[in-house]
Every structure is written in structure tokens, then in C-alpha cells.
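Summary of structural features
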Amino acid sequence: MSKIIKIALITAAVSAAFMLVFMQNIQKTEKVVIVEKDIPAGTVISEDAVKVVDVPASAVKPNYARSLSNVVGKVVKEGRVRGDFIPVEILTSKDSQPLGPDHAVMTVSVTSVEAKTLQSGDTVSFIVFDQTGSKVLDGFKVISVVKEDSDKASLILNADLNSAAQLVPYLKLNSFKVVRR
């Protein structure tokens, strides 16, 4: 082979390697908890059953657990298999009471400032706003508080079906304020 062809081939290979490394570095990733070994429903999650990995940001939903502290010691209400992500709404504390037939679990996105003073077991109310004014919806029990990043958090709540149904339209409009009771 001529010297020019060899140089061209080497240059192409080096360029391809640099491009591959560059493309991998610009793809945004996020940390997320995945299941390391199968977890049956009703099981308390141990530290060896889960791990935190970086995955492409496009594959991560906002309700996925982001750190081991969000899941270790919690009970899964739905079984998970190796490689699964863990949605925070399927987690509950090991000392929480099972849901009755007239209750639901719901996830509410809030600011980290609103979530800062809340913890599992607290009762919260929502002040909701619309064109006619405001009203208070009571009786939401905090199952867990999940910090998503420095600005956002999620509250996992146990609520009776009627209160949950009343709150949902305000959640969609983001016209509510959380109040600790």
C-alpha cells in the first residue's frame, strides 16, 4: 500500500475514535436506581438488591428513584426484576398501613423547599386555586418524600379516592400549595 493510503486510513481511524468518544461525552446521562436482583412484591428493599447507574437522560422518567436512600428500607408494592427502574410510587415505608379499598397512592411534584419540612407519616392539606377562589383539601398522608434534584421533589401520598379525585385537576394546572397540618 502506498504511504498516502496508509496515512489516510490511520487518520480516518483516529478521527472515528475521537468522534465516538466525543458523541459519548455529549450524550446527557442521569443517575437512576435499578434492580440488581429480583424483588418480589411486599419485600423490603436491601442495599444489595439495587444499585445506582448512569443511563441516557432520554430513558429516565421523572418518577424514577434517583438514589439508594430513596429505596433502601422501603417496601415494593409491585414486584421488580433485575434491570428494572423503580418508580417511587410503588414504594412505601415498611411500617405503613396497607391501603383500604377507598384509598389511592398518588405522586405530587413539589419544590424542594416545600418538601424540605415534610417526612413520612406527616399529614398535609392542599390549598387549591381557580377562578372562583380557593379551598382546602384535607387528609393526605405522606408515604415518602423523594428529592429529585436541588429544585424538585415528589411527595408520595395516601389519600381517600374522593380527595384524590378533587385534587387531580389542580395538579394538572399547577394551581395548588402544600400545607403541613
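Look up a bit, the structure's there.
These numbers were taken from a predicted model, which means no experiment stands behind them.

Basis of the calculations
- Residues numbered from 1 in each chain as written.
- Predicted model: local features only at pLDDT ≥ 70, side-chain atom pairs only at ≥ 80, totals over all residues.
- Heavy atoms only, no water.
- Helix = DSSP H or I, 4+ residues; strand = E, 2+ residues; numbered from the N terminus.
- Pairing = 2+ DSSP bridges.
- Axes fitted to C-alpha atoms, helices over the stretch in contact; angles between N-to-C directions.
- Contact = heavy atoms within 4.5 Å.
- Patch = residues over 30% accessible without salt bridge, like charges linked within 9 Å, V, L, I, M, F, W, Y side chains within 5 Å.
- Areas by Shrake-Rupley, 256 points an atom, 1.4 Å probe, with all protein chains shown as cover.
- Salt bridge = Lys/Arg side-chain N within 4 Å of Asp/Glu carboxyl O.
- Buried < 20%, exposed > 50% of the residue type's maximum accessible area, 1.4 Å probe, protein only.
- Phe/Tyr/Trp six-rings, centres within 6.5 Å; stacked < 30°, edge-to-face > 60°.
- Polar contact = N/O pair within 3.5 Å; in protein donor to acceptor, adjacent residues only side chain to side chain.
- Core = buried A, V, L, I, M, F, W, Y, C linked by side-chain atoms within 4.5 Å.

Side note on unusual backbone geometry
Glycine aside, the phi torsion of most residues is negative, and most peptide linkages are trans. Its identity as a non-glycine residue notwithstanding, N174 has a phi of 55°, on the positive side. Tracing the sequence through the fold places N174 in the loop between α3 (161–173) and β9 (176–180).

Let's talk about the sheet that holds β9
Taking strand neighbours across the sheet as the criterion, the 5 strands line up as β5-β8-β7-β6-β9 in an open arrangement whose pairing is antiparallel. Strands at the two margins of the open sheet, each flanked by one partner only, are β5 (103–111) and β9. Each strand axis lies, on average, 40° off the axis of its neighbour in the sheet, ignoring direction. Here 5 bridges tie strand β6 (residues 123–130) to β9, and the two strands are oriented antiparallel to one another. Note that in β9 the partner of S125 across the bridge is V179. Packing of α3 onto the sheet brings it into contact with β5, β6, β7 (133–147), β8 (152–160) and β9, and relative to β7 it is tilted by some 95°.

A closer look at a nonpolar patch on the surface
Taken together, the side chains of I10, V14 and F18 present a nonpolar region at the surface, about 330 Å² in accessible area. Its place among the elements puts I10 in helix α1 (residues 3–26). Judged by relative accessible area, I10 falls into the exposed class, the value being 56%.

Let's talk about the pairing of β5
Residues in a regular strand project their side chains so that they alternate between the two faces of the sheet. Covered by surrounding structure in β5 are A104, M106, V108 and V110 only, the residues H103, V105, T107, S109 and T111 on the alternate face being uncovered. Sheet topology places β5 next to β8; 9 bridges connect them, and they run antiparallel. The residue of β8 that forms the bridge with M106 is L157.

Notes on the pairing of β8
Among the 9 residues that make up β8, 7 are buried, leaving the element largely enclosed by the rest of the structure. Sheet analysis places β7 next to β8, joined by 6 bridges and oriented antiparallel. By the bridge assignment for β8, K147 is matched with A153.

Looking at the packing of aromatic side chains
Within the structure shown, the criterion is met by 3 aromatic pairs. Note on F126 and F140: the rings are 4.9 Å apart at their centroids and 80° apart in plane angle, and the pair reads as edge-to-face. Placement of the pair is F126 in strand β6 and F140 in strand β7, with a sequence separation of 14 residues. Like F140, F126 is buried. Ring centres of F126 and F176 lie 5.7 Å apart, and the angle between their planes is 65°; this geometry places the pair in the edge-to-face category. Here the residue F126 occupies a position in strand β6, and F176 occupies one in strand β9, the gap between them amounting to 50 residues. Residue F176 is classed as buried on the basis of its relative accessible area of 12%. These aromatic residues form a ring-pair network of at least three members: F126, F140 and F176.

Some remarks on the side chain of D122
With respect to the helices and strands, D122 occurs in the loop between α2 (112–115) and β6. One polar contact links the side chain of D122 to the main-chain amide nitrogen of Q119, over a distance of 2.9 Å. When sequence neighbours within four positions are dropped, the list of residues in contact with D122 reads T117, F140, K141, V142 and R180.

Some thoughts on the nonpolar core
Ranked by size, the top nonpolar core spans 20 residues in total, and within it V110, V124, F126, F140, L157, L167 and V178 carry the most contacts. Only β5, β6, β7, β8, α3 and β9 provide two or more residues apiece to this core. Of the residues forming this core, the biggest block, 4 residues, is contributed by β8. Not counting residues within four places of it along the chain, the set of residues in contact with L167 comprises M106, V108, F126, V128, L137 and F140. By size, the runner-up hydrophobic cluster in this structure holds 16 residues, among which are V33, I39, I45 and I90.

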